[in-house]
Amino acid sequence: MKTKEEIFNLIKNTVNLSGEINDYQMRLSNGRFERENLIGIYKIRKGIATRQENFKLAEEMSLLLIGLEDYTGILLKGANIYGKDYFGMYYLSEDWEKVIGYLESEIDEDKFNKLI
């Protein structure tokens, strides 16, 4: 397995995160996610976002779905990265070599701290 720093740098290069790993908190999943299940979940979430007229979220879901549908593997790994005003959820190939898709948003740190 790659180190957290290697995984962070892979993600940083994919989505152009500013700063360094010490500017963020990062959590890697212990388990694996089944690609087909994720596709089903995010298709539903995209539909809900569209019905609620949250078109930005629906577009992000569309991009995530493209990555998931193009990936030929069965299982994925996950990583969450959060910083002062940022949260990102990333799905990577099972060997941690490639970012398959992600969702990210700007957050209010006070609200986020209440969630964790």
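Reading the values: the criteria
Residues numbered from 1 in each chain as written. Predicted model: local features only at pLDDT ≥ 70, side-chain atom pairs only at ≥ 80, totals over all residues. Heavy atoms only, no water. Helix = DSSP H or I, 4+ residues; strand = E, 2+ residues; numbered from the N terminus. Rg over C-alpha atoms; globule rule 2.2 N^0.38 Å. Buried < 20%, exposed > 50% of the residue type's maximum accessible area, 1.4 Å probe, protein only. Contact = heavy atoms within 4.5 Å. Expected span 1.5 Å × (residues − 1). Pairing = 2+ DSSP bridges. Phe/Tyr/Trp six-rings, centres within 6.5 Å; stacked < 30°, edge-to-face > 60°. Axes fitted to C-alpha atoms, helices over the stretch in contact; angles between N-to-C directions. Parallel < 35°, antiparallel > 145°, perpendicular 65-115°, else oblique. Left-handed = near helix turned anticlockwise from the far one by under 90°. Nonpolar A, V, L, I, M, F, W, Y, C, P; charged D, E, K, R; others polar. Salt bridge = Lys/Arg side-chain N within 4 Å of Asp/Glu carboxyl O.

Participant: What should I look at first to understand the overall build of the protein in this one?
Facilitator: Scanning the protein from N- to C-terminus turns up four helices and five strands. Taking 13 Å as the expected radius of gyration for a compact globule of 116 residues, we find that the protein reaches 14 Å, a close match to that expectation. Viewed in the frame of its principal axes, the protein has a C-alpha envelope of about 40 × 35 × 25 Å. By residue count, 39% of the 116 residues in the protein fall in the buried class. Residue pairs in contact within the protein that sit at least 24 positions apart in sequence constitute 53% of those at least 6 positions apart.

Participant: Where do I start with helix α1 (residues 4-15) in this structure?
Facilitator: Given 3.6 residues per turn, any residue in an α-helix points the same way as the ones three and four places further on. The terminal C-alpha atoms of α1, which comprises twelve residues, lie 16 Å apart, in line with the 16 Å expected from a rise of 1.5 Å per residue. Next to the buried residues of α1 lie β1 (25-28), β3 (75-83), β4 (86-93) and β5 (99-106). Phi turns positive one or two residues past the end of α1, at Asn16, with a value near 60°.

Participant: What exactly am I supposed to notice about the pairing of β5 here?
Facilitator: Walk down a regular strand and you will see the side chains alternate between the two sheet faces. One ladder, built from seven bridges, connects β4 with β5; its direction is antiparallel. Within β5, the position partnered with Met89 by the bridge is Leu103. Joining the antiparallel neighbours β4 and β5 is a turn of five residues, in which Trp96 adopts a positive phi near 65°.

Participant: I'm lost on the packing of aromatic side chains in this one. Help?
Facilitator: Each aromatic ring pair is specified by the distance between its two centres and by the angle formed by the two planes. Within this structure, the stated rule accounts for six aromatic pairs. Geometrically, the ring pair formed by Tyr42 and Tyr91 is edge-to-face, given 6.1 Å between the ring centres and 70° between the ring planes. You can see Tyr42 sitting in helix α2 (residues 35-51) and its partner Tyr91 sitting in strand β4, a full 49 residues away along the chain. Accessibility classification places Tyr42 together with Tyr91 in one group, the buried group. Taken together, the ring pairs in this structure connect Phe8, Tyr24 and Tyr86 into an aromatic cluster.

Participant: Would you take a moment to explain the packing of α2 against helix α3 (residues 55-70) for this structure?
Facilitator: For the pair α2 and α3, interaxial distance at closest approach is 9 Å and the crossing angle is 160°. Between α2 and α3, the crossing angle belongs to the class labelled roughly antiparallel. Both α2 and α3 take part in a crossing whose hand is left-handed. Contact with α2, carried on its side by Arg35, Leu38, Ile39, Tyr42, Lys43, Arg45, Lys46, Ala49 and Thr50, involves Phe55, Leu57, Ala58, Met61, Ser62, Leu64, Leu65, Leu68 and Glu69 of α3 and no other residues of that element. In the contact of α2 with α3, the residues fall into eleven nonpolar, two polar and five charged.

Participant: What is the right way to look at the environment of Glu59 in this model?
Facilitator: Tracing the sequence through the fold places Glu59 in helix α3. Sequence-wise, Glu59 and Ala49 are ten residues apart; in three dimensions their C-alpha atoms are separated by 9.1 Å.

Participant: Help me out: how do you make sense of the pattern of salt bridges in this one?
Facilitator: In a structure, side chains of opposite charge can pair up when their charged atoms sit close to one another. With the rule as written, the count across this model stands at five salt bridges. Across the salt bridge formed by Glu20 and Lys12, the nearest N and O atoms sit 3.1 Å from each other. Classification of Glu20 by relative accessible area gives partly exposed; the value is 47%. When the shortest N-O distance is used, the salt bridge between Arg32 and Glu94 registers 2.5 Å. Linking Arg32 in the loop between β1 and β2 (33-34) with Glu94 in the loop between β4 and β5, this pair joins segments that are 62 residues apart in sequence. Its relative accessible area of 33% is what places Glu94 among the partly exposed residues.

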